[in-house]
Amino acid sequence: MRPLDFKDGVLRLIDQTRLPTELVYVRCSTYKEVASSITDMIVRGAPAIGVTAAYGIAIGASAINAGTKEAFLKELEDICSVIRSTRPTAVNLFWAVDRMYNKALDNRDSDPDTIKELLVSEAVKMDHEDVEINKALGSHGSKLISDGFTILTHCNAGALATCDYGTALGVIRAARDSGKNINVYADETRPYLQGARLTAWELLQDGIPVTLICDNMAGHFMKSGAIDCVIVGADRIATNGDTANKIGTYSVAVLARENNIPFYVAAPISTIDFSIETGDSIPIEERKAAEVTHIKGIQLAPDGIKVANPAFDVTPNRYITAIITEKGVLYPPYKVNIDGLK
Ligand code: MRU
């Protein structure tokens, strides 16, 4: 299942705000439409945001009508700035924009039409690479999963959050595909309900047994012995292993430690921010109050209530049993082992 599809200069996205009750698509034929789709979470999940950003830049570049090479690069830079400003936390977005912009810079001596073609090819390449990376990551991670395991996951780090297959759900898929019986517990993931709306839907589509629970039930099921391990995705990993992921992930990690349950992060290397040493430097997106006070337009809280809505939290490295990447499984000390990936 792919949340995005690029054809004839148009990016088609599954509108993830409408799942699970409606499977509808949004068509983006300008970079501004692509940017809004990221901000409005029509597409979401770190790797999917990165590749969508790359397609947005390719679409934007194709429409540039500049007289000189310098003017072309200046307009491209402006497009990159707009795409960069869509969401702050997932580093895959910035990684993808840098890769696209550098592709243009490396070919600055070519004529703009050639650069436009190169940018489209680069975005398509990143899309294909993402699927391969998730499969490799899934295969490494599946070795940590035994037959009969019940796995708790938080948010949606599945096919919908990537170009296909998923990261945390990629590990689960790979374990299932290697013949193991796997059960999943999906946290609903308030306030945006990625677990209830997306993970539950995606796993049902794929025939993987899934039980939906409210976020505040995770501790109960861990304590009662129902959960064998936790696997989550990531939006940005510092070089010491501190990991930003969907709000609530930190609480799950602390509960897992209390209950002696392994807590795994599954993420591509593009989610590692090699420029930061700890999670303290990770910018945390604050989203609008209405996501907390309302669900599908229904008001849950009193008018005028003060609301805090950080979209992500940072799990300190000491709670993370291992980080599963396409290059293999990393264990502590993360500082040394992440450095070794460079
Ligand atoms: O706000 P979202 O839905 O974009 O947040 C998504 C997550 O936190 C995912 O767990 C993360 O991006 C990893 S996706 C493979």
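Please refer to the structure placed before this passage.
Since the model is a prediction, treat every value here as computed from it, not as a measurement.

Undergrad: Help me understand the overall build of the protein chain, please; the structure alone is not making it clear to me.
TA: Along its length, the protein chain carries 11 helices and 15 strands. The C-alpha atoms of the protein chain give a radius of gyration of 20 Å, which matches the 20 Å a tight globule of 342 residues would have. In terms of its C-alpha atoms, the protein chain occupies a principal-axis envelope of roughly 70 × 50 × 40 Å. Each of the 342 residues in the protein chain was classed as buried or not, and the buried ones make up 54%. At a minimum sequence separation of 6, the contacts of the protein chain that also span at least 24 residues come to 74%. Counting only carbon and sulfur atoms, one obtains 51% of the accessible surface of the protein chain, whose full area is about 14,300 Å². Within the protein chain, the 43 negative side-chain charges are centred at a point lying 1 Å from the centre of the 35 positive side-chain charges.

Undergrad: Would you mind going over the nonpolar core with me for this structure?
TA: Note that soluble globular proteins tend to have their nonpolar side chains buried in a common cluster. Of all hydrophobic cores here, the largest spans 43 residues; its most connected members are L11, I57, L76, I83, M100 and L119. Secondary structure elements with two or more residues in this core: strand 1 (4-7), strand 2 (10-14), helix 1 (31-39), helix 2 (46-62), helix 3 (69-84), helix 4 (91-106) and helix 5 (112-142). Sort the elements by how many residues they give to this core and helix 2 lands first, with 11 residues. Listed in part, the 26 residues of the second largest apolar core include Y185, A218, I237 and I261.

Undergrad: Help me understand the sheet that holds strand 14 (residues 322-325) in this model?
TA: Picture the strands of a sheet paired through backbone hydrogen bonds; they go either parallel or antiparallel. Read from one edge to the other, the open sheet built from 7 strands follows the order 6-5-4-7-10-14-15, with strand pairing classed as mixed. Taken across any chain shown, the strands that pair with only one partner, and hence form the sheet edges, are strand 6 (210-213) and strand 15 (328-330). Averaged over all pairs of adjacent strands, the angle between strand axes in this sheet comes to 25 degrees, irrespective of strand direction. Sheet topology places strand 4 (residues 150-153) next to strand 7 (residues 229-232); 2 bridges connect them, and they run parallel. What sits directly across from I151, in strand 7, is C229. Across the sheet, helix 5 touches strand 10 (263-266), strand 14 and strand 15, and the angle it forms with strand 14 is around 140 degrees. Each of strand 4, strand 5 (183-187), strand 7, strand 10 and strand 14 touches helix 6 (residues 168-177); the most contacted strand, strand 7, lies at about 125 degrees to it.

Undergrad: I would appreciate a short explanation of the environment of T153 in the present structure.
TA: Looking at the element boundaries, T153 is found in strand 4. A sequence separation of 25 residues divides T153 from H128, and the C-alpha atoms of the two residues are 25 Å apart. In contact with T153, other than residues within four places in its own chain, are A168, L169, V184, Y185, A186, D187, T199, I231 and V232. Only 2.8 Å separates the side chain of T153 from the backbone oxygen of I231, close enough to count as a polar contact.

Undergrad: Mind showing me how you'd approach the environment of N134 here?
TA: Mapping N134 onto the fold places it in helix 5. For the pair N134 and G170, spaced 36 residues apart in the sequence, the C-alpha separation amounts to 6.2 Å. Once residues lying within four places of it in the same chain are set aside, the contact partners of N134 are T162, D164, Y165, G166 and T167.

Undergrad: It is not clear to me how empty space enclosed by the protein should be interpreted in this structure. Could you clarify?
TA: If you roll a probe as big as a water molecule over the atoms, it shows you where there is empty space left. Scanning the model with the defined rule gives 2 cavities of 30 Å³ or more in all. Looking at the largest cavity, its volume works out to about 200 Å³. R44, G45, A46, N156 and D235 are, among the 24 residues lining the largest cavity, the residues nearest its centre. Within the residue set of the lining of the largest cavity, elements represented by two or more residues are helix 2 and strand 9 (243-246). Looking at which element gives the most residues to the lining of the largest cavity, the answer is helix 2, with 3 residues. The residue inventory of the lining of the largest cavity, partitioned by class, reads 12 nonpolar, 8 polar and 4 charged.

Undergrad: What is the right way to look at the environment of L23 in this model?
TA: Note on placement: L23 falls in the loop between strand 2 and strand 3 (25-28). Apart from the residues lying within four places of it in its own chain, the contact partners of L23 are I14 and W201.

Calculation criteria
- Residues numbered from 1 in each chain as written.
- Predicted model: local features only at pLDDT ≥ 70, side-chain atom pairs only at ≥ 80, totals over all residues.
- Heavy atoms only, no water.
- Helix = DSSP H or I, 4+ residues; strand = E, 2+ residues; numbered from the N terminus.
- Rg over C-alpha atoms; globule rule 2.2 N^0.38 Å.
- Buried < 20%, exposed > 50% of the residue type's maximum accessible area, 1.4 Å probe, protein only.
- Contact = heavy atoms within 4.5 Å.
- Areas by Shrake-Rupley, 256 points an atom, 1.4 Å probe, with all protein chains shown as cover.
- Lys, Arg positive; Asp, Glu negative; His and termini not counted.
- Charge placed at Lys NZ, Arg CZ, Asp CG, Glu CD.
- Core = buried A, V, L, I, M, F, W, Y, C linked by side-chain atoms within 4.5 Å.
- Pairing = 2+ DSSP bridges.
- Axes fitted to C-alpha atoms, helices over the stretch in contact; angles between N-to-C directions.
- Polar contact = N/O pair within 3.5 Å; in protein donor to acceptor, adjacent residues only side chain to side chain.
- 1 Å grid on protein atoms, 1.4 Å probe; cavity = no way out; pocket = protein on both sides within 12 Å on 5 of 7 lines; lining within 4 Å.
- Points joined across faces, edges and corners; volume = space filled by probe spheres on them.
- Nonpolar A, V, L, I, M, F, W, Y, C, P; charged D, E, K, R; others polar.

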